[in-house]
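So the chains spell out like this:
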Amino acid sequence: MKEEMEKADGHAYFTLSGDVNSEMVRRVFDAVSDMTEDKVGTAHILMQSNGGYVSDGICLYNFLGNLPFDIVTYNGGAVASIAVILFLAGKQRYASDTARFMVHKSHATASSGARPDALNIIVEGLRADDLRTEQILKQHVHLTEENWAVHASSDLHLTAQEALAVGLIDAIADFAPPKGKRLCNI
């Protein structure tokens with residue numbers, strides 16, 4: 001009876017943590033397969049990540065943002081770097097009062113003794129990644145000129161209050177699954 005009620009209301013609750021990488025992509029793909037089979041109407045996802053690979057984050061952003069059901073994302077502690085782009089896949093987005101966000105430009109490390117042509121390839125890749133992530137940020141978030149100036153040369157840190165002010169989140173609220181609801185880790 002309880003399981004039937006959970007399916008009837010269509011809400012399901014998940015946690016997603018760790019590095020944004022190909023392993024996370026696989027885990028999310030597998031979890032969404034189960035969500036689809038379970039006829040989830042709204043997936044509530046608590047995220048905790050310091051970031052990872054740009055392409056993996058953009059893949060998950062595009063994938064989650066185009067599912068046939070709603071994604072609601074929550075930040076209960078820290079969502080940083082490319083994980084912020086992933087977080088933006090939420091149709092609704094929330095953060096705990098003590099949560100923080102951090103966005104920055106892409107970066108890479110060149111191997112010792114790298115030739116100029118190899119360094120140029122790295123630079124062009126970083127510029128392309130920055131264009132992609134900034135395009136997504138601008139679609140969802142209304143950073144101030146001061147925010148963009150910080151972002152241009154450093155890490156931009158936002159508290160929950162600041163995230164609310166720029167539209168990164170819809171409200172300050174904790175991830176709080178209802179009593180009796182199953183909580184799954186992705």
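A quick note: this is a predicted structure, and the numbers were derived from the prediction, not measured.

Asks: In this structure, what is going on with the packing of helix H2 (residues 22-37) against helix H3 (residues 54-65)? I would like to understand it.
Replies: If you want to describe how two helices pack, look at the angle between their axes and the distance between the axes. At a minimum axis distance of 9 Å, the contact between H2 and H3 shows a crossing angle of 15°. Considering their axes alone, H2 and H3 lie roughly parallel with respect to each other. In the crossing of H2 with H3, the sense of the turn from one axis to the other is left-handed. Two secondary-structure elements touch here, H2 through Ser-22, Met-24, Val-25, Val-28, Phe-29 and Val-32 and H3 through Asp-56, Cys-59, Leu-60, Phe-63 and Leu-64. In terms of residue class, the contact of H2 with H3 is made up of nine nonpolar, one polar and one charged.

Asks: Could you clarify how one ought to interpret the nonpolar core in this entry?
Replies: What tends to happen in soluble globular proteins is that the nonpolar side chains get buried as a cluster. Judged by nonpolar contacts, the single largest core of 48 residues is most densely connected at Met-35, Phe-101 and Leu-168. Contacts of Met-35, omitting those with residues within four sequence positions, involve Phe-14, Val-40, Ala-43, Phe-69 and Ile-186. Judged by nonpolar contacts, the second largest core, of five residues, contains Tyr-13, Tyr-74, Tyr-94 and Phe-175.

Asks: So what exactly am I meant to see when it comes to the side chain of Asn-147 here?
Replies: Within the secondary structure layout, Asn-147 lies in helix H6 (residues 145-153). Discounting residues that sit within four places of it in the chain, Asn-147 has contacts with Leu-156, Leu-158 and Val-166.

Asks: Mind showing me how you'd approach the pairing of strand E1 (residues 11-17) here?
Replies: In terms of burial, E1 is a largely internal element, five of the seven residues being buried. As paired elements, E1 and strand E2 (residues 42-49) share seven bridges and run parallel to each other. Bridge pairing in E2 links Phe-14 to Ile-45. Crossover connection from E1 via H2 to parallel E2: handedness right-handed. Here E1 pairs with strand E8 (residues 183-185) via three bridges, running parallel. Within E8, the position partnered with Thr-15 by the bridge is Asn-185.

Asks: For this particular structure, what's the right way to read the packing of aromatic side chains?
Replies: Aromatic ring pairs are reported here in terms of the distance separating the ring centres and the angle at which the planes meet. Going through the model one piece at a time under the given rule, you end up with five aromatic pairs. Consider the rings of Phe-29 and Phe-63, whose centres lie 4.7 Å apart with planes at 65°: the pair is edge-to-face. Pair noted here: Phe-29 is in helix H2 and Phe-63 is in helix H3, with a separation of 34 residues, a long-range link. Overall, Phe-29 belongs to the partly exposed group, its relative accessible area being 35%. Aromatic rings pair up to connect Tyr-13, Tyr-74, Tyr-94 and Phe-175 into one cluster.

Conventions adopted
- Residues numbered from 1 in each chain as written.
- Predicted model: local features only at pLDDT ≥ 70, side-chain atom pairs only at ≥ 80, totals over all residues.
- Heavy atoms only, no water.
- Axes fitted to C-alpha atoms, helices over the stretch in contact; angles between N-to-C directions.
- Helix = DSSP H or I, 4+ residues; strand = E, 2+ residues; numbered from the N terminus.
- Parallel < 35°, antiparallel > 145°, perpendicular 65-115°, else oblique.
- Left-handed = near helix turned anticlockwise from the far one by under 90°.
- Contact = heavy atoms within 4.5 Å.
- Nonpolar A, V, L, I, M, F, W, Y, C, P; charged D, E, K, R; others polar.
- Core = buried A, V, L, I, M, F, W, Y, C linked by side-chain atoms within 4.5 Å.
- Buried < 20%, exposed > 50% of the residue type's maximum accessible area, 1.4 Å probe, protein only.
- Pairing = 2+ DSSP bridges.
- Right-handed = clockwise from strand over helix to strand, strands pointing away.
- Phe/Tyr/Trp six-rings, centres within 6.5 Å; stacked < 30°, edge-to-face > 60°.

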